[in-house]
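Spelled out, the chains give:
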Amino acid sequence: MANTLRQISAITRINIKSIPQRFWMSLSTIVAIALVVGVLLGFLAMGNGFKKTLSSSGTKDVAILLRDGSDSEINSVVMREQTQLIEEAPGVARVNGKALVSAELYVVVDGKRRTNGIKANMPLRGLDSTGFALRPGVTFSKGRLFRPGTNEVIVGSGLVREFSGFDLGQTIRFGTSTWTIVGVFDAGGSVYESEIWGDVSVVQSQFKRLNSYQSIRAKLASPDQLAALKAYVDKDQRLKLETRSEADYFAAQAKQSSDLISNLGWPLAIIMTFGAVAGALNTMYSSVSVRTAEIGTLRAIGFGGFPTFVGTLIEAVILAAIGAVLGSVVIWLFVNGLSTSSLGGSFTQVVFTFSLTPRIITTAILLALLIGFIGGFFPALRAARQPIAAMVNE
Amino acid sequence: MLYQLRNVSKRFTKAKETLTIFDNLNMDIPEGDFVAMMGPSGSGKTTLLNILGGIDKVTSGEVSFAGNRIDGYSEGQLSEWRAANVGFIFQFYNLMPMLSAAQNVELPLMLTNLSGAKRKENVATALNIVNLSDRAKHYPREMSGGQQQRVAIARAMVSDPQLLLCDEPTGDLDRTTADEILTTLQVLNRELGKTIVMVTHDPEAARYAKRTLHLNKGVFEDKMVMA
Ligand SMILES: Nc1ncnc2c1ncn2[C@@H]1O[C@H](COP(=O)(O)OP(=O)(O)O)[C@@H](O)[C@H]1O
Ligand SMILES: [Mg+2]
């Protein structure tokens, strides 16, 4: 056994020392594997970042009520009378007898990406001070809250980062109305950082939605009061609304979108994997065939078939490992933490950052090692099994 | 007797055609012999040498080495047997280009349990015997053909095998260099008692051997094949 290990290490050393003889070929294999790793990491980091943003947006002690059958705010409608019924519902938290219920408007306005000037959908949310209070993580990095009854708006920091025209003090036109930006807020990396907020009654009148809203948020007395509220809503014929916790609402959206991203990323990575396997096979077959006489000589001297096999396999796996590290480092340095935006569940842009995790990196590295293993396996078999007599005089 | 070949046949089958290289070949090689094997191209010299070296198999017949049948050995048994008993010397040296002379010579010792220090000592001795002590750190591309073949000889004998098998060891070298190599082989045979089988085209080279066998179409033309 010790002897086998010594043989493996000797052959591996010889193989690695001979890599420079096939420098460009080995490098192209490394790059192909790095590309696979990079693409996979990119997509997985994107899906993960998106999920993190959405899942940090909701809490369990706020209920969100949408029209039955709507799974996002954009295609929901809620009437004023329904809001009033929710204010009287059980399970809703109250301060000095006033229910913490926020009826909110959610309309789509245009923004322009800073990078390329292309138009994209931005959410403009109308809310009042209760709605503001239901998002305790919101802090102003610049400016202040809009004053009720004015055309003032505040904007999320993610949106300011990715889209132009939203800097503090600027005025901006949405349709026929003109608004002034009086504040920029952070919201703990949540989806709210991609929104524009204005006073609900002003947004209602400017967008001619006098009696309607898109959603109702209600602070629950405690998270387990959700069931009571839901039972009340389901029983009342006037309330054709669906009741969910905010956390569940965003988790469902997160899953949908990040599944979509992963479902794009994996097939692409797998297609590229086939290419990389072909490249690795090619490199390793060539490595073995260029050195047929050398390998045959080693075996003639008495090196065993198994050490020859393992030594060749290790060469391929080492190339793959270098590719994996290269791909990971590039993504880590240049993509991880990068801010971007993508269409979210409400057909508006959600700003988020690429986010790598050890688990994602492990997945990509395992894929790379698998590529190296397959790419090395068959050439290694040939190196170990080809008749020696036919090899030594090549 | 070091080698006994009895009724050895070798056939290659390719695309349903069978090519018979030898049929019922018999041969003895005593310990300490130095045999030159001559014959026209394609007469089966290399094939026979490969069979003697355990890197090719007979189709039928018996091959005994020091009284042991090696024709039935598995690949693994043959590997170990070669490591212990055979040194190969090839026409084109077959050195590892990325290893220095000393590292090339050390390769067979990787198959032993010798310590690193002992391996280095044996490598130095082997390089000294072929007169290349000053080239230990040189790479094959930095050496002449004759020097490379001397490295190959040092590699073949470093683990002290009984047998040296040489396939046209001077086929790629000029006369003077060839004579140096052949003298070295003769010294190994006479002074260290190595048994040598050498395939060659060159009648001058054959003179360094104790005897010469002529192979033609798979048959020895000599009388003294058997001891
Ligand atoms: N692996 C092989 N498959 C088929 N034919 C072979 C193989 N090896 C050698 N031969 C044939 O066997 C014959 C003898 O070859 P070889 O032993 O190399 O001759 P020599 O060394 O005397 O020139 C040649 O005709 C050669 O083509
Ligand atoms: Mg030959």
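What counts and how
Residues numbered from 1 in each chain as written. Chains lettered and ligands numbered in written order. Predicted model: local features only at pLDDT ≥ 70, side-chain atom pairs only at ≥ 80, totals over all residues. Heavy atoms only, no water. Helix = DSSP H or I, 4+ residues; strand = E, 2+ residues; numbered from the N terminus. Rg over C-alpha atoms; globule rule 2.2 N^0.38 Å. Buried < 20%, exposed > 50% of the residue type's maximum accessible area, 1.4 Å probe, protein only. Areas by Shrake-Rupley, 256 points an atom, 1.4 Å probe, with all protein chains shown as cover. Lys, Arg positive; Asp, Glu negative; His and termini not counted. Charge placed at Lys NZ, Arg CZ, Asp CG, Glu CD. Contact = heavy atoms within 4.5 Å. pLDDT = per-residue confidence, 0-100. Domains from an automatic or database assignment. Buried area = accessible area lost by both parts, 1.4 Å probe. Salt bridge = Lys/Arg side-chain N within 4 Å of Asp/Glu carboxyl O. Polar contact = N/O pair within 3.5 Å; in protein donor to acceptor, adjacent residues only side chain to side chain. Nonpolar A, V, L, I, M, F, W, Y, C, P; charged D, E, K, R; others polar. Phe/Tyr/Trp six-rings, centres within 6.5 Å; stacked < 30°, edge-to-face > 60°. Lys NZ or Arg CZ within 6 Å of the ring centre and 35° of its normal. Pairing = 2+ DSSP bridges. Axes fitted to C-alpha atoms, helices over the stretch in contact; angles between N-to-C directions.

Caption draft 1: The arrangement of the overall build of chain A in detail. Each helix and strand counted, chain A has twelve helices and 17 strands in total. For 394 residues, the compact-globule estimate of 2.2 N^0.38 gives 21 Å, and the C-alpha radius of gyration of chain A, at 30 Å, exceeds that figure by more than 25%. In terms of overall dimensions, chain A has C-alpha extents of about 95 × 45 × 30 Å along its principal axes. By residue count, 53% of the 394 residues in chain A fall in the buried class. Carbon and sulfur atoms make up 63% of the accessible area of chain A, which totals about 16900 Å². Both charge centroids of chain A, one from 37 positive and one from 27 negative side chains, sit 8 Å from each other.

Caption draft 2: Local environment of the overall build of chain B. The number of helices and strands found in chain B is seven helices and ten strands. By the compact-globule yardstick of 17 Å for 227 residues, chain B fits well, its C-alpha radius of gyration being 17 Å. Across its three principal directions, the C-alpha atoms of chain B cover 50 × 40 × 40 Å. Out of the 227 residues belonging to chain B, those deemed buried represent 54%. Of the contacts formed within chain B by residues at least 6 apart in sequence, a portion of 71% connects residues at least 24 apart.

Caption draft 3: Representation of the confidence of the model for chain B. Mean pLDDT over chain B: 94, with 98% of residues reaching 70 or higher. Across the assembled chains, the prediction reports ipTM 0.95 with pTM 0.81.

Caption draft 4: Main features of the domain arrangement of chain A. All names here are of chain A. Assigned domains within chain A: domain 1 (2-55 + 253-393) and domain 2 (69-239). The gap between the C-alpha centroids of domain 1 and domain 2 is 47 Å. Together, the buried faces of domain 1 and domain 2 total about 1200 Å²; carbon and sulfur atoms form 51% of this surface. Our enumeration of links across domain 1 and domain 2 arrives at zero salt bridges. Put simply, domain 1 and domain 2 have five residue pairs in polar contact (both at pLDDT 80 or more) between them. Listing elements by their share of the side of domain 1 that touches domain 2, those giving two or more residues are α2 (23-55), β16 (339-343) and β17 (349-353). For the side of domain 1 that touches domain 2, the leading source of residues is β17, giving four residues. Classifying every residue of the side of domain 1 that touches domain 2 by side-chain character gives four nonpolar, ten polar and no charged.

Caption draft 5: Representation of the packing of aromatic side chains within the structure. All names here are of chain A. Counted by the stated rule, this structure contains 15 aromatic pairs over all chains. Geometrically, the ring pair formed by F23 and W24 is edge-to-face, given 5.0 Å between the ring centres and 85 degrees between the ring planes. Taking the relative accessible area as the measure of exposure, F23 reaches 43% and is therefore partly exposed. Taking relative accessible area as the criterion, W24 reaches 66% and is therefore assigned exposed. Pairing F373 with F377 gives two aromatic rings, centres 5.8 Å apart and planes at 40 degrees, and the pair type is tilted. Of the two residues, F373 and F377 both sit in helix α11 (residues 358-385), four residues apart, roughly one turn of that helix. By way of ring pairs, the aromatic residues F132, F140, F185, Y192, W197, Y249 and F250 are connected into one cluster. Here the basic side chain of R135 rests over the ring of Y192, its NZ or CZ set 4.6 Å away from the ring centre.

Caption draft 6: View of the sheet that holds strand β7 (residues 163-167) of chain B. Residues and elements named next belong to chain B. Ordered in space as β6-β7-β8-β3-β9-β10, the six strands form an open sheet in which the pairing is mixed. Each edge of the sheet is formed by a strand with only one pairing partner; in this case those strands are β6 (86-89) and β10 (219-220). The sheet contact formed by strand β3 (residues 34-38) and strand β9 (residues 211-216) spans four bridges and is parallel. Residue pairing across strands places M38 opposite H214, the latter belonging to β9. Each of β6 and β7 touches helix α2 (residues 75-85); the most contacted strand, β6, lies at about 80 degrees to it. Sitting on the sheet, helix α6 (residues 175-192) touches β3, β6, β7 and β8 (195-199), and the angle it makes with β8 is about 150 degrees.

Caption draft 7: Just the sheet that holds strand β1 (residues 3-14) of chain B, in detail. Residues and elements named next belong to chain B. Read from one edge to the other, the open sheet built from four strands follows the order β2-β1-β4-β5, with strand pairing classed as antiparallel. Pairing within the sheet leaves two strands with one partner each, and these edge strands are β2 (17-29) and β5 (68-69). Pairing between β1 and β2: nine bridges, direction antiparallel. Bridge pairing in β2 places T13 opposite T18. Lying on the sheet, helix α1 (residues 45-52) is in contact with β1, β2 and β4 (60-65); it crosses β2 at an angle near 60 degrees.

Caption draft 8: The arrangement of the pattern of salt bridges in detail. Applying the stated criterion across every chain yields a total of 30 salt bridges over all chains. Between R217 of chain A and E104 of chain A there is a salt bridge; the shortest N-O distance is 3.3 Å. Placement of R217 of chain A in strand β14 (residues 215-219) and of E104 of chain A in strand β5 (residues 101-113) is noted, with a sequence separation of 113 residues between them. You'll find R217 of chain A and E104 of chain A in the same group, each marked buried. Across the salt bridge formed by E121 of chain B and K118 of chain B, the nearest N and O atoms sit 3.6 Å from each other. Highlighted residues: E121 of chain B and K118 of chain B, both in helix α4 (residues 116-129), separated by three residues, approximately one helical turn. Overall, the relative accessible area of 47% leaves E121 of chain B in the partly exposed class. Salt bridges linked by common partners bring E73, E104, R125, R135, E195, R217 and E246 of chain A together as one network.

Caption draft 9: Summary view of the side chain of E315 of chain A. All names here are of chain A. You can see E315 is positioned in helix α10 (residues 305-334). Classification of E315 as buried rests on a relative accessible area of 0%. Polar side-chain contacts of E315 include one of 2.7 Å to the side chain of R22. Not counting chain neighbours up to four residues away, the residues in contact with E315 comprise N15, I19, R22, M284, S287 and R291.

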